[in-house]
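# Per-entry structural report
The lines below spell out each chain.
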Amino acid sequence: MVRMAVDLGGLQMKNPVTVASGTFAAGREYGDFVDVASLGAVTTKGVSLHGWKGNATPRIAETASGMLNSIGLQNAGVAHLKEIDIPWLVDEGATIIVNVSGHSLGEYVSVVEALEEAPVDAYEINISCPNVDAGGMTIGCHVESVESVVSACRAATKRPMIVKLTPNVTDITEIARAAEAAGADALSLINTLLGMAIDAKTRKPLLARIVGGLSGPAVKPIALRMVWECFHSVKIPLLGMGGIASGEDAVEFLLAGATAIAVGTANFMNPTATTEVIEGIARYCEDNGVDDVNELIGALLC
Ligand SMILES: Cc1cc2nc3c(=O)[nH]c(=O)nc-3n(C[C@H](O)[C@H](O)[C@H](O)COP(=O)(O)O)c2cc1C
């Protein structure tokens, strides 16, 4: 039996696999396909204080080896999450990471404060969404705003706090170090890469918002590179994501330095992808004489 448990900055996960926020709703929607208690954790869709309507449609477009989205963090608000979604996840026995969004520093803090009385295991602070005009990536691209939002959230909770980074920067290690210094317990990366798609026949963009975030297999090499760079730049653990669809993909992220990984866009094509990734990691360990999955973290040979 392979030991699969990992410690992600104080969050105890029974295995290294969670889902990427926004690709698994709040878990209930996948309940027919996945035993959510079998996952290392369920990461919920980004939640704001009073809910947001999201962007105009169309806001999803298929591209070669990936998808573009400009959802704009549509959500029903923190009260709905607390009353409906979290109780379901608790009943199922899931480990819960809540992805937190805000248009302002104050909103991030208010969401964390509102969740403090709920049975949440960890927060993932999303300072990297490319699809909102205020908050999101506008915060995650600058050292000063990263420091202020992360330290304000740190002051609001003692729970494990993961900070989610954007790849849309010149040097992700600078942002990673700023988040670590401001009190992050772990970092997650990557959020989506800014992109666009055009229909040559109509001469129109495929997304109403024109630009959106690219995810899926196309972004995996970039995500791996950034996880590897951050592994060598900070001491806190990393939650790696970007195009993971198989156990082998996941192992590559562990070797690059991730302690845990998230399955995202793959859930849309294959709703049982998470289960297959967990099984695939265990099988890789068995086939390669690895007793404990932690042996793989950062074990890249070069
Ligand atoms: C439709 C969609 C919605 C997303 N919503 C969120 C979100 O609410 N919060 C967040 O931090 N990331 C969000 N993301 C980004 C993913 O969590 C993940 O970082 C990204 O898609 C890369 O992983 P993947 O290639 O495996 O999908 C979203 C991605 C997609 C495709």
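Residues numbered from 1 in each chain as written. Predicted model: local features only at pLDDT ≥ 70, side-chain atom pairs only at ≥ 80, totals over all residues. Heavy atoms only, no water.

### A look at the overall build of the protein chain
Quick reminder of the rule: Each helix is a run of DSSP H or I of at least 4 residues and each strand a run of E of at least 2, with the numbering of both proceeding from the N terminus. The globule rule used for comparison is 2.2 Å times the number of residues to the exponent 0.38, while the radius of gyration itself is calculated over C-alpha atoms. For each residue, the accessible area found with a 1.4 Å probe, counting protein chains only, is set against the maximum for its type, and the residue is called buried under 20%, exposed over 50%, and partly exposed in between. We call two residues contacting when some pair of their heavy atoms lies within 4.5 Å. To be clear on the numbers: accessible area is Shrake-Rupley with a 1.4 Å probe, and residue cover counts the displayed protein chains and nothing else. Residues scored as positive are Lys and Arg, those scored as negative are Asp and Glu, and His as well as the terminal groups of each chain are ignored. Lysine's charge is taken at NZ, arginine's at CZ, aspartate's at CG and glutamate's at CD.
Along its length, the protein chain carries nine helices and 16 strands. For 302 residues, the compact-globule formula gives about 19 Å, and the C-alpha radius of gyration of the protein chain, at 18 Å, lands near that figure. With respect to the principal axes defined by its C-alpha atoms, the protein chain has extents near 50 × 50 × 40 Å. The 302 residues of the protein chain split such that 57% are buried. A separation threshold of at least 6 residues defines the contact pool for the protein chain, and within that pool the share at least 24 residues apart is 70%. By element, 54% of the accessible surface of the protein chain is carried by carbon and sulfur atoms, the whole surface being about 12400 Å². Averaging the coordinates of the 20 positive side-chain charges in the protein chain and doing the same for the 34 negative ones gives two points 8 Å apart.

### What to know about unusual backbone geometry
A cis geometry characterises the amide bond from Thr57 onward to Pro58, with omega recorded as -5 degrees. Relative to the helices and strands, Pro58 is located in the loop between strand S4 (42-43) and strand S5 (60-63). A cis geometry characterises the amide bond from Leu189 onward to Ile190, with omega recorded as 10 degrees. Of note, Ile190 is situated in the loop between strand S10 (186-189) and strand S11 (193-196). Unlike most non-glycine residues, Ile210 shows phi in positive territory, near 75 degrees. Its location among the elements puts Ile210 in the loop between strand S13 (204-205) and strand S14 (211-215). On the basis of relative accessibility, which here comes to 41%, the residue Ile210 falls in the partly exposed class.

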